[in-house]
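Remarks on the overall topology
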Amino acid sequence: MQIDFNKAGGLVPTVIQDAQTLEVLMVGYMNAEAYDQTVKEHKVTFFSRTKNRLWTKGETSGNFLHVQSIDIDCDNDSLLIKVKPDGPTCHTGSRSCFNTGYNQNFILKLEHIIADRFDNPVEGSYVNKLHGKGLNKVAQKVGEEAVETVIAALAETDTDLINESSDLVFHLLMLLREKGLTLETIAKNLEARHAVKAPKSGH
């Protein structure tokens, strides 16, 4: 990775993104030494302009940012690092340093929660109870929730539709996990379909 540290006086802006939810968590700066340490330790280390030294995020709070991937922009002077955060990223205790107000990608986080329940069962968990009944039961629940969603759309309130749609999405995530599939798989398939069907004019 050929990073141009010289363009901005030895530093490159670095965007930190949650690898699961894709939420932007913070922005910092790295010099070459901070980048090398980040790659070596798999924990995000910045160059702090206020402390004038290397600063590993979480060195005081314990809320480390574990590196999942590193990408560079087209000008080779900015980085995007996807991470698995140990806890809140912002020093205020918030999930993100950006006040977005809500997690725009909670469905992706929910997928992670379901996967974690599969791998680390929790007594009394609805996910574990349904998982224990097997694939046929999970598939049946998706069918039931799909029918209830249609009924809500045609004959009930918007609130009912929102609730039934939420149940449908949740159980679809369960079904995908039962089959060893992910939302990423579905997204890539939809993207491939779109690429084939999209008009060449772009309109």
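Residues numbered from 1 in each chain as written. Predicted model: local features only at pLDDT ≥ 70, side-chain atom pairs only at ≥ 80, totals over all residues. Heavy atoms only, no water.

Let's talk about the UniProt feature "domain: Phosphoribosyl-AMP cyclohydrolase" (unreviewed entry) in the protein
Look at the UniProt record and you will see "domain: Phosphoribosyl-AMP cyclohydrolase" (unreviewed entry) annotated at residues 26-99. Secondary structure content for residues 26-99 is 14% helix and 38% strand, and the end C-alpha separation is 11 Å. (UniProt positions renumbered as here; feature names shortened; annotations may be inferred. Helix = DSSP H or I, 4+ residues; strand = E, 2+ residues; numbered from the N terminus.)

Quick word on helix α5 (residues 158-178)
With 21 residues, α5 should cover 30 Å at 1.5 Å per step; its first-to-last C-alpha distance of 30 Å lies within 8% of that length. Regarding α5, the residues found buried are Glu164, Phe170, His171, Leu173, Met174 and Leu176. Residues of α5 that are buried make contact with α2 (106-119), α3 (126-132), α4 (135-155) and α6 (183-197). (Expected span 1.5 Å × (residues − 1). Buried < 20%, exposed > 50% of the residue type's maximum accessible area, 1.4 Å probe, protein only. Contact = heavy atoms within 4.5 Å.)

With respect to the packing of aromatic side chains
On inspection of all chains with the given rule, the structure shows two aromatic pairs. Here the aromatic rings of Tyr126 and Phe170 are separated by 6.0 Å at their centres, their planes lie at 40 degrees, and the arrangement is tilted. Of the two residues, Tyr126 sits in helix α3 while Phe170 sits in helix α5, which places them 44 residues apart along the sequence. The class of Tyr126 is partly exposed, set by a relative accessible area of 41%. The ring centre of Phe64 lies 4.0 Å from the NZ or CZ of Lys43, which sits over that ring. (Phe/Tyr/Trp six-rings, centres within 6.5 Å; stacked < 30°, edge-to-face > 60°. Lys NZ or Arg CZ within 6 Å of the ring centre and 35° of its normal.)

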